[in-house]
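# Close look at the chain arrangement
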Amino acid sequence: MSRIIMGIESSCDETGVGLVRLHDDGTVELLADEVASSVEQHARFGGVVPEVASRAHLEAMVPTTTRAFEKAGLTLSDVDAIAVTAGPGLAGALLVGVSAAKAYATALDVPLYGVNHLAGHIAVDTLQHGPLPTPCLALLVSGGHTQLLRVDDIASSITELGSTVDDAAGEAYDKVARVLGLPYPGGPPIDKAAKNGDPAAIAFPRGMTGPRDAKNDFSFSGLKTAVARWVEGAARRGEEIPVDDVAASFQEAVADVLTMKAVRTAKEQGIGTLVISGGVAANSRLSALAAERCAAAGIELRVPRPRLCTDNGAMIAALGAHVVAAKRPTAALDFSANPALPVNVVSL
């Protein structure tokens with residue numbers, strides 16, 4: 001008998017509610033994915049303001065839940081289990097989602113699972129491409145995270161192989177966009193500008209690629225600073241800033257390092273499948289270069305469609321379905337959100 005899993009996501013600036021059907025054969029079907037974003041409220045600050053995000057989640061939680069059930073043609077009484085992001089993320093934002101999930105689980109008398117936001121970004125790929133081959137390698141690239149993860153079991157066994165030592169790739173995009181006078185968040189406008197630019201126009205540095213650097217780790221702070229210094233220098237000389245060329249050259253440096261390290265790590269680990277997930281996975285140059293390099297290395301590449309890459313409730317529902325299928329323990333109703341939840345803790 002199939003089961004309906006509800007997923008709630010509130011780790012940052014998107015309030016997400018997803019509904020999936022877990023079939024008897026273990027496959028997961030997406031029924032609804034509704035998101036309310038507060039990004040416009042943060043744009044004038046150039047980044048997410050935690051207090052604003054928490055208030056937005058409070059206002060959006062019930063309406064977003066209502067839309068999700070209407071879209072799926074279901075009622076709350078159809079829910080068999082609830083999964084909610086327990087971390088990592090912003091403390092106040094997480095608490096809104098966790099509190100809502102506890103209330104729904106108590107009212108409906110259904111099992112509750114506190115799950116890992118990062119693992120959700122990987123699990124969401126199964127909604128589009130089916131079960132994950134095991135092991136597989138995940139390159140998680142978002143506003144707050146840039147990690148290489150070995151996935152032996154999406155419900156219980158994820159190992160970090162590499163991470164950023166400073167700025168995540170998404171943070172670098174936002175900061176470079178600000179330097180170039182482009183809107184927040186920086187990913188889409190830089191990607192758009194880069195399409196009209198020359199990626200070889202400016203030789204920006206490739207961080208953490210020297211012989212003494214940790215081969216699986218990342219660094220984008222130096223690249224961000226290099227772009228800012230280059231733009232400042234051009235402005236001092238009275239030159240017009242070639243925004244498209246700067247955007248293309250910056251983006252090429254990011255995609256080059258990400259794909260090079262991901263493919264190399266997959267080969268060293270003897271892994272034949274690479275999953276790229278997280279908000280930056282929607283970047284056109286990253287996906288194109290990854291496809292080129294994976295094809296050359298004989299590695300299968302899986303990238304969820306852009307809607308599934310960003311934060312959403314569907315990814316939490318999908319992970320919840322895998323956790324339920326694996327018969328993992330349920331969470332106690334007194335569990336707390338953990339803003340620093342490590343990626344190896346898939347569920348509480």
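Residues numbered from 1 in each chain as written. Predicted model: local features only at pLDDT ≥ 70, side-chain atom pairs only at ≥ 80, totals over all residues. Heavy atoms only, no water.

### Re the sheet that holds strand 8 (residues 157-163)
Read from one edge to the other, the open sheet built from five strands follows the order 8-7-6-9-10, with strand pairing classed as mixed. One side of each edge strand has no neighbouring strand; the edge strands of this open sheet are strand 8 and strand 10 (300-302). The average angle at which neighbouring strand axes cross in this sheet is 25 degrees, direction not considered. Pairing analysis gives six bridges linking strand 7 (residues 146-153) to strand 8, with the strands arranged antiparallel. By the bridge assignment, Q147 is partnered in strand 8 with S163. Relative to strand 6 (residues 136-141), helix 9 (residues 243-269) is tilted by about 160 degrees, and along the sheet it contacts strand 6, strand 7, strand 8 and strand 9 (273-277). (Pairing = 2+ DSSP bridges. Helix = DSSP H or I, 4+ residues; strand = E, 2+ residues; numbered from the N terminus. Axes fitted to C-alpha atoms, helices over the stretch in contact; angles between N-to-C directions. Contact = heavy atoms within 4.5 Å.)

### Here we look at the sheet that holds strand 5 (residues 112-116)
Where strands meet in a sheet, backbone hydrogen bonds hold them as pairs that are either parallel or antiparallel. Here we have five strands laid out as an open sheet, ordered 3-2-1-4-5, and mixed in their pairing. Each edge of the open sheet carries a strand with a single partner, namely strand 3 (28-37) and strand 5. The sheet shows a mean angle of 20 degrees between the axes of neighbouring strands, taken without regard to direction. Of the pairings in the sheet, the one linking strand 1 (residues 3-9) to strand 2 (residues 14-22) comprises seven bridges and is antiparallel in character. Residue pairing for strand 2: E9 is matched across the bridge by G16. Along the sheet face, helix 3 (residues 91-108) touches strand 1, strand 4 (81-87) and strand 5 and points at about 160 degrees away from the line of strand 4.

### A word on the pattern of salt bridges
In the structure shown here, the tally under the stated rule is 13 salt bridges. For E239, the salt bridge is made with R237, and the minimal N-O distance between the two is 2.9 Å. Look at the salt bridges and you will find they share partners, linking D167, K175 and K224 into a network. (Salt bridge = Lys/Arg side-chain N within 4 Å of Asp/Glu carboxyl O.)

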